[in-house]
Amino acid sequence: MRTVDMNADLGEGFGVWRLGDDDAMLDIVTSANVACGFHAGDPALLLRACRAAAERDVRIGAQVSYRDLPGFGRRFIDATPEDLKADVIYQIGALQAIAHAAGSTVTYVKPHGALYFSIVTNNDQARAVAEAVHDVDPALPVLGLTGSAFFREAEQLGLRTVPEAFADRAYRPDGRLVDRRQRGAVLHDTDVIADRIASMVSDGRVDAVDGSTIPITVDSICVHGDSPGAVQIATAVRDRLLAERVKIAPFT
């Protein structure tokens, strides 16, 4: 039986501002990418998110990002490798303490937003993030895109790499995601999304925006917690996978 993880970005509010329905998503996913305060998430919110995840036995991952709270981490920052490495170490450490206080632990790391996409091709930043994870704990797996510079650097350091696919995002012919600023980059039709995920997991392929079919490796499926209808999308994906006799379980 094929097994796949489902992950979502959570803890992405700040103060009185709330984004998404963390509790509902935690009833569906098996891994939670919890913000670390640099793109979203204040300490009280992150503690609540980690406690809620721990109560449901959902794995907690550190969702590290550029230091960009006003831009929600979606703007490229030309940080030096030294500064970026220190920022990532700091974020993992902060969430480790919060997860520990919540009765759980950080079991993996996933970059967020602009940092995630920068380190697909930016070798210096990819190396800085991989080194940061390795320096904190070489046993921590990392989530990312297959074929990325980040995965190459992580593997050279002996880190476990976990390839993920995005349920609600369109793909380019080169296997990268379509930029959010372009029309059609974010998908909303639950039936279409469920069909795409079934094809990704069962057949190892997905249709790109130009109509071509490209190969894809999937060990974890990401449903963005801040997308409109995120809970409905996650539910449709889970139900379709279960109907296809795919087991949903954390990768850690």
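Residues numbered from 1 in each chain as written. Predicted model: local features only at pLDDT ≥ 70, side-chain atom pairs only at ≥ 80, totals over all residues. Heavy atoms only, no water.

Per an unreviewed UniProt entry, the protein goes by 5-oxoprolinase subunit A and derives from Mycobacterium lehmannii. In its Sequence similarities (unreviewed entry) section, the UniProt entry covering the protein states "Belongs to the LamB/PxpA family." According to the UniProt record, the Subunit (unreviewed entry) comment for the protein reads "Forms a complex composed of PxpA, PxpB and PxpC." (UniProt positions renumbered as here; feature names shortened; annotations may be inferred.)

Bringing the pattern of salt bridges into the picture now. In the structure shown here, the tally under the stated rule is 17 salt bridges. Between D68 and R75 there is a salt bridge, and its shortest N-O distance comes to 2.4 Å. The salt bridge partner of R172 is D174, with a shortest N-O separation of 2.5 Å. Overlapping salt bridges, with partners in common, bring together D9, K110 and E164 in one network. (Salt bridge = Lys/Arg side-chain N within 4 Å of Asp/Glu carboxyl O.)

Put simply, helix 7 (residues 190-203) and helix 8 (residues 230-243) touch, their axes get as near as 9 Å, and they point 45° apart. When the axis of helix 7 is compared with that of helix 8, the two are oblique. Regarding helix 7 and helix 8, the two cross each other, and that crossing is right-handed. Where helix 7 approaches helix 8, its residues T190, I193, A194, D195, I197, A198 and V201 are matched on the opposing element by Q232, I233, A236, V237, R240 and L241. Class assignment for the residues of the contact of helix 7 with helix 8 results in 9 nonpolar, 2 polar and 2 charged. (Axes fitted to C-alpha atoms, helices over the stretch in contact; angles between N-to-C directions. Helix = DSSP H or I, 4+ residues; strand = E, 2+ residues; numbered from the N terminus. Parallel < 35°, antiparallel > 145°, perpendicular 65-115°, else oblique. Left-handed = near helix turned anticlockwise from the far one by under 90°. Contact = heavy atoms within 4.5 Å. Nonpolar A, V, L, I, M, F, W, Y, C, P; charged D, E, K, R; others polar.)

The element strand 1 (residues 3-10) is largely enclosed, with a buried count of 7 among its 8 residues. Note that strand 1 and strand 10 (residues 247-248) share 2 bridges and pair parallel. Counterpart to T3 in the pairing with strand 10 is K247. (Buried < 20%, exposed > 50% of the residue type's maximum accessible area, 1.4 Å probe, protein only. Pairing = 2+ DSSP bridges.)

Our next topic: the packing of helix 3 (residues 81-101) against helix 5 (residues 123-136). Across the interface, helix 3 lies against helix 5 with an axial gap of 8 Å and an inter-helix angle of 35°. As for the relative orientation of helix 3 and helix 5, their crossing is right-handed in sense. Along its contact with helix 3, which presents P81, L84, K85, V88, I89, I92 and Q96, the element helix 5 presents D124, Q125, A128, V129, E131, A132, V133, D135 and V136. Considered class by class, the residues forming the contact of helix 3 with helix 5 number 10 nonpolar, 2 polar and 4 charged.

This part covers the environment of L140. Within the secondary structure, L140 is located in the loop between helix 5 and strand 5 (142-144). Along the primary structure L140 and V109 are separated by 31 residues, whereas in three dimensions their C-alpha atoms are 6.8 Å apart. If sequence neighbours within four positions are ignored, L140 has contacts with I92, V106, T107, Y108, V109, V133 and L159.

Take the packing of aromatic side chains next. Taken as a whole and assessed by the stated rule, the structure comprises 6 aromatic pairs. Ring centres 5.1 Å apart and planes at 65° place the aromatic pair Y116 and F117 in the edge-to-face group. Of the residues examined, Y116 reaches a relative accessible area of 5% and is grouped as buried. The class of F117 is partly exposed, set by a relative accessible area of 29%. With centroids separated by 5.6 Å and ring planes inclined at 85°, the aromatic side chains of Y116 and F166 adopt a geometry described as edge-to-face. Linking Y116 in helix 4 (residues 113-118) with F166 in strand 6 (residues 161-166), this pair joins segments that are 50 residues apart in sequence. In terms of burial, Y116 and F166 fall into one category: buried. These aromatic residues form a ring-pair network of at least three members: Y116, F117 and F166. (Phe/Tyr/Trp six-rings, centres within 6.5 Å; stacked < 30°, edge-to-face > 60°.)

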